[in-house]
Amino acid sequence: MRRGRPEALPRAGGTSRVRRTGAGEPTLTSVGTGDDAGGVRREVSRLWHVTLSLSGPEAPLAEVRRALERLAHDHPFLLTSRYAGDHAEIRYWEEARDLHDAAAVALRLWGEHRSTANLPPWEIVGLEVIDRETYHQRIAEGYGPAPASPVGAHPF
């Protein structure tokens, strides 16, 4: 799965991935949108807006901010994060085949980067994954998450 920018569209031509055959020889396989010339169905990649909510024991605000900034530095796909001493919210765009894949990546994010970014020992208490069209429809109708600006880690 690839991380994407909100304005980025899935690539019409697809991307190439290297796969190993049983003999260990690399072969290129295409992953893109729609059918290829031979009528073979390929995976479609879409953008998903992810909001991950976390909560746990009180931690010093400066440490929470530094940890979220390290996470964003290591993973620049993060758009914005808001935080307090006992909770935080992370928002970003994920490029994935479907909602299940985007949610699975989001649910692993905090735990997999807890030690490298020195994140607080909080648990995930909320997850919202919506497609790009729904995100923009909500914004146009005046509800839903406000556009992520400014980008970065900010107090609630």
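Computed from a predicted model, the values in this text were never measured in an experiment. (Residues numbered from 1 in each chain as written. Predicted model: local features only at pLDDT ≥ 70, side-chain atom pairs only at ≥ 80, totals over all residues. Heavy atoms only, no water.)

Caption draft 1: Highlighting the overall build of the chain. The number of helices and strands found in the chain is three helices and eight strands. The order of helices and strands in the chain, counted from the N terminus, is β-β-β-β-α-β-β-α-β-α-β. Counting the 156 residues in the chain, one finds 37% classified as buried. Long-range pairs, those at least 24 residues apart, make up 65% of the contacts in the chain with a sequence separation of at least 6. (Helix = DSSP H or I, 4+ residues; strand = E, 2+ residues; numbered from the N terminus. Buried < 20%, exposed > 50% of the residue type's maximum accessible area, 1.4 Å probe, protein only. Contact = heavy atoms within 4.5 Å.)

Caption draft 2: Structural view of helix α2 (residues 99-112). Its 14 residues give α2 an end-to-end C-alpha distance of 20 Å, which sits within 8% of 20 Å, the value for a rise of 1.5 Å per residue. Within the sequence span of α2, burial applies to D101, A102, A103, V105, A106, L109 and W110. Where α2 begins, one side-chain oxygen reaches toward the backbone nitrogen of H100, 3.2 Å away; that side chain belongs to D98. (Expected span 1.5 Å × (residues − 1). Polar contact = N/O pair within 3.5 Å; in protein donor to acceptor, adjacent residues only side chain to side chain.)

Caption draft 3: Representation of the environment of W93. With respect to the element layout, W93 can be found in strand β6 (residues 87-96). W93 gets classed as buried once you look at its relative accessible area, which sits at 0%. When the C-alpha atoms of W93 and R132 are compared, they prove to be 8.8 Å apart, with 39 residues separating the residues in sequence.

Caption draft 4: Here's a closer look at the side chain of D131. If you trace the backbone, D131 turns up in strand β7 (residues 123-131). There is a polar contact of 3.1 Å between the side chain of D131 and the side chain of R46. Ignoring any residue separated from it by four or fewer positions in sequence, one finds D131 in contact with R46, L47 and W48.

Caption draft 5: Up close: the pairing of strand β4 (residues 46-55). Of all 10 residues that make up β4, seven are buried, and the element is covered over most of its length. Here β4 runs beside β6; their pairing, made up of 10 bridges, is antiparallel. Bridge pairing links L47 to E95 in β6. Both β4 and β7 contribute to a ladder of eight bridges, which runs antiparallel. Among the inter-strand pairings, S55 is bridged to a residue of β7, identified as E123. (Pairing = 2+ DSSP bridges.)

Caption draft 6: Spotlight on the pattern of salt bridges. Inspection of every chain in the model, using the stated rule, returns seven salt bridges. Here R65 ties to E69 by a salt bridge, and the two come within 2.9 Å at their closest N and O atoms. Taken together, the positions of R65 and E69, both in helix α1 (residues 61-74) and four residues apart, correspond to about one turn of that helix. Judged by relative accessible area, which is 31%, R65 ranks as partly exposed. Across the salt bridge formed by R138 and E128, the nearest N and O atoms sit 2.8 Å from each other. Within this pair, whereas R138 is found in helix α3 (residues 132-140), its partner E128 is found in strand β7, the two being separated by 10 residues in sequence. What makes E128 partly exposed here is its relative accessible area of 27%. Here the salt bridges share partners, and the residues they tie into one network are R97, D98 and D101. (Salt bridge = Lys/Arg side-chain N within 4 Å of Asp/Glu carboxyl O.)

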